[in-house]
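Survey of secondary and tertiary structure
Given next are the chains, with one letter for each unit.
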Amino acid sequence: MEETLAVRKLDRLGVVLVTSGVVATALLPFIYVKANRIAAGKPMVLTQLLNQPSAVILTILLVVTALAVLFLQNALLRLVIATLCIGALLATIGLAAAAFTPPNSNAARMTPGGGFWVLFAVIGLVVSDALVRIKLTPWMRIAALAAYTGLLGIFLTSGLLDNLSIMKEFATRSAQFWTEALAHLLLAIGSLAIAIVIGLPLGILCFWVPRLRAVVLQALSLIQTIPSLALFGILMLPLGYLATHVPAAASIGIRGIGAAPALIALILYSLLPIVANTVVGLQGVDPSVRDAAAGMGLTRRQILTGIDLPLAFPVILTGIRIVLVQAIGLVTVAALIGGGGFGIFIFQGLGQTAMDLVLLGAVPTVFFAFSSAVILDAVIDSIRGSAA
């Protein structure tokens, strides 16, 4: 009986995270030591690095973090311990890369292994779980995101991580990186803005006209079933024909490849969540509120702008959040048709069997998607809290 109670006191999420961390530490490579960017490299697990003080400190903090996750109930203390651990993790990978890099070598590459990424994800989940338990206000969540982004920025700008392969890839492509980052964000945000302009009125119209609703939602659902690369290919033919036969279209950048088909495809993918959430949000407004407003002499437009849209806005914003995260991911595929963005690095890396180059495109894409989700979730919760 006492053993059963002891097991129940263990944090279930903690058991999963600690098990994953132990497996990652014992079995998965912490770092790969490569002679060049495409070589297979020599795998090194964390236990092989214990001759370095930073690895010893990291191991101690990993044990303390595991014990905190399993037994400690104080969320703030768990957050502090996990934050120290993730800082030690970044410091250890940077110092290990510096230790294994030959002097004056530009060809050698030190790549984080699966063990590092699993530990980073596990500790990140511990941090997220602690933040949830603390029950931060929406704007405090954004502040926490900014704080951890700042912490990461300190490591990136300090030079401690400069010997990592991904940072060397960044150093040789820094100008192109920022150009593609801007192109990636412009495509994602631009397609979202246009989709809102089209989808919001269309959603209102679908709410007012039930017969139209089924047709529009079914058509938009059909578009969602088309694979992104196939849709890009479908759009290339008509846009290429248009660019060839209409000089004005070509002069404003409409071509069979490039940003134009990518933008149109992203807009088409974005319409369903916005239209559907607009309809659901408007349906969720209490009809008695509308009846009372109509009884006071308000017109249909006044009811829409003064009552329906403000009350439905959190649901609509949820659809916008889905679209933005989806668009940030889909822009990577647009690189295959010349749309630009971080996908250029991903597909170049795949073609050259250079995983460090793949990470240069994948990591910032994940970061932007995660950050946008956190920010919009906080805004949604803030609006709902104000309405309540």
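What counts, and where the lines are drawn
- Residues numbered from 1 in each chain as written.
- Predicted model: local features only at pLDDT ≥ 70, side-chain atom pairs only at ≥ 80, totals over all residues.
- Heavy atoms only, no water.
- Helix = DSSP H or I, 4+ residues; strand = E, 2+ residues; numbered from the N terminus.
- Buried < 20%, exposed > 50% of the residue type's maximum accessible area, 1.4 Å probe, protein only.
- Contact = heavy atoms within 4.5 Å.
- Areas by Shrake-Rupley, 256 points an atom, 1.4 Å probe, with all protein chains shown as cover.
- Lys, Arg positive; Asp, Glu negative; His and termini not counted.
- Charge placed at Lys NZ, Arg CZ, Asp CG, Glu CD.
- Phe/Tyr/Trp six-rings, centres within 6.5 Å; stacked < 30°, edge-to-face > 60°.
- Salt bridge = Lys/Arg side-chain N within 4 Å of Asp/Glu carboxyl O.
- Domains from an automatic or database assignment.
- Buried area = accessible area lost by both parts, 1.4 Å probe.
- Polar contact = N/O pair within 3.5 Å; in protein donor to acceptor, adjacent residues only side chain to side chain.
- Nonpolar A, V, L, I, M, F, W, Y, C, P; charged D, E, K, R; others polar.
- Core = buried A, V, L, I, M, F, W, Y, C linked by side-chain atoms within 4.5 Å.

Looking now at the overall build of the protein chain. Along its length, the protein chain carries 16 helices and 3 strands. Across the 388 residues of the protein chain, 44% fall into the buried class. Intrachain contacts of the protein chain at a sequence separation of at least 6 include 74% that bridge at least 24 residues. Accessible surface computed for the protein chain: about 19,400 Å², of which carbon and sulfur atoms make up 73%. Taking the 21 positively charged and 13 negatively charged side chains of the protein chain as two groups, their mean positions are separated by 5 Å.

What the rule picks out here adds up to 11 aromatic pairs. Ring centres of F116 and W117 lie 5.1 Å apart, and the angle between their planes is 75 degrees; on these two criteria the pair is classed as edge-to-face. You can call W117 partly exposed: its relative accessible area is 32%. A ring pair is formed by F177 and W178, whose centres lie 5.1 Å apart and whose planes are at 85 degrees; its orientation type is edge-to-face. Its relative accessible area of 9% is what places F177 among the buried residues. Note on W178: relative accessible area 56%, which makes it exposed. Taken together, F170, F177, W178, F342, F345, F367 and F368 form an aromatic cluster joined through their ring pairs.

For side chains of opposite charge, pairing can occur when their charged atoms come near one another. Under the criterion given, the structure shown has 7 salt bridges. One salt bridge in this structure joins R141 and D381, with 2.8 Å as the shortest N-O distance. On the criterion of sequence distance, the pair formed by R141 in helix α6 (residues 138-158) and D381 in helix α16 (residues 355-387) is long-range, its members being 240 residues apart. With relative accessibility at 27%, the residue R141 sits in the partly exposed group. Residue D381 is classed as partly exposed on the basis of its relative accessible area of 31%. Through salt bridges that share partners, R78, D129 and R133 make up one connected network.

Next up on the list: the domain arrangement of the protein chain. Its domain assignment divides the protein chain into domain 1 (12-163) and domain 2 (171-384). Here domain 1 and domain 2 have C-alpha centroids that lie 34 Å from each other. Each partner contributes to the interface: domain 1 provides 12 residues, whereas domain 2 provides 18 residues. Roughly 1,200 Å² of surface becomes buried between domain 1 and domain 2 when both sides are summed, with 64% attributable to carbon and sulfur atoms. By the criterion of area lost to domain 2, the three top residues of domain 1 are R37, R141 and L145, representing 42% of everything that side buries. Seen at the junction of domain 1 and domain 2, the total is 3 residue pairs in polar contact (both at pLDDT 80 or more). When residues of the side of domain 1 that touches domain 2 are traced back to their parent elements, those giving at least two are β3 (109-112) and α6. A per-element tally of the side of domain 1 that touches domain 2 places α6 first, with 6 residues. Residues that form the side of domain 1 that touches domain 2 fall into these classes: 6 nonpolar, 2 polar and 4 charged.

So, on to the environment of A230. Mapping A230 onto the fold places it in helix α10 (residues 228-245). Linking A230 and N51, residues 179 residues apart in sequence, is a C-alpha distance of 52 Å.

Ranked by internal contacts, the top residues of the largest apolar core, which has 48 residues, are F30, I31, L49 and L58. For this core, the elements supplying multiple residues, two or more each, are α2 (12-27), α3 (53-71), α4 (75-100), α5 (114-134), α6, α7 (165-172), α8 (174-208) and α16. Considering each element in turn, this core owes the most residues, 11 residues, to α4. There are two domains that each give this core at least three residues, and those are domain 1 (12-163) and domain 2 (171-384). When near neighbours in sequence (up to four residues on either side) are disregarded, L49 contacts F30, I31, M44, A55, A96 and F100. Core analysis: the second largest hydrophobic core is formed by 42 residues, L220, L239, Y269 and L330 among them.

Mapped onto the fold, S372 is located in helix α16. Judged by its relative accessible area of 11%, S372 is buried. Setting aside chain neighbours within four positions, we find S372 in contact with L324, V325 and I328.

Let us now look at the side chain of D129. You can see D129 is positioned in helix α5. For D129, a relative accessible area of 16% gives the class buried. Within polar-contact distance, the side chain of D129 engages the side chain of R78 at 3.4 Å.

Let us now look at the environment of I380. One can find I380 in helix α16. Excluding residues within four positions of it along the chain, I380 makes contact with P314, L317, T318 and R321.

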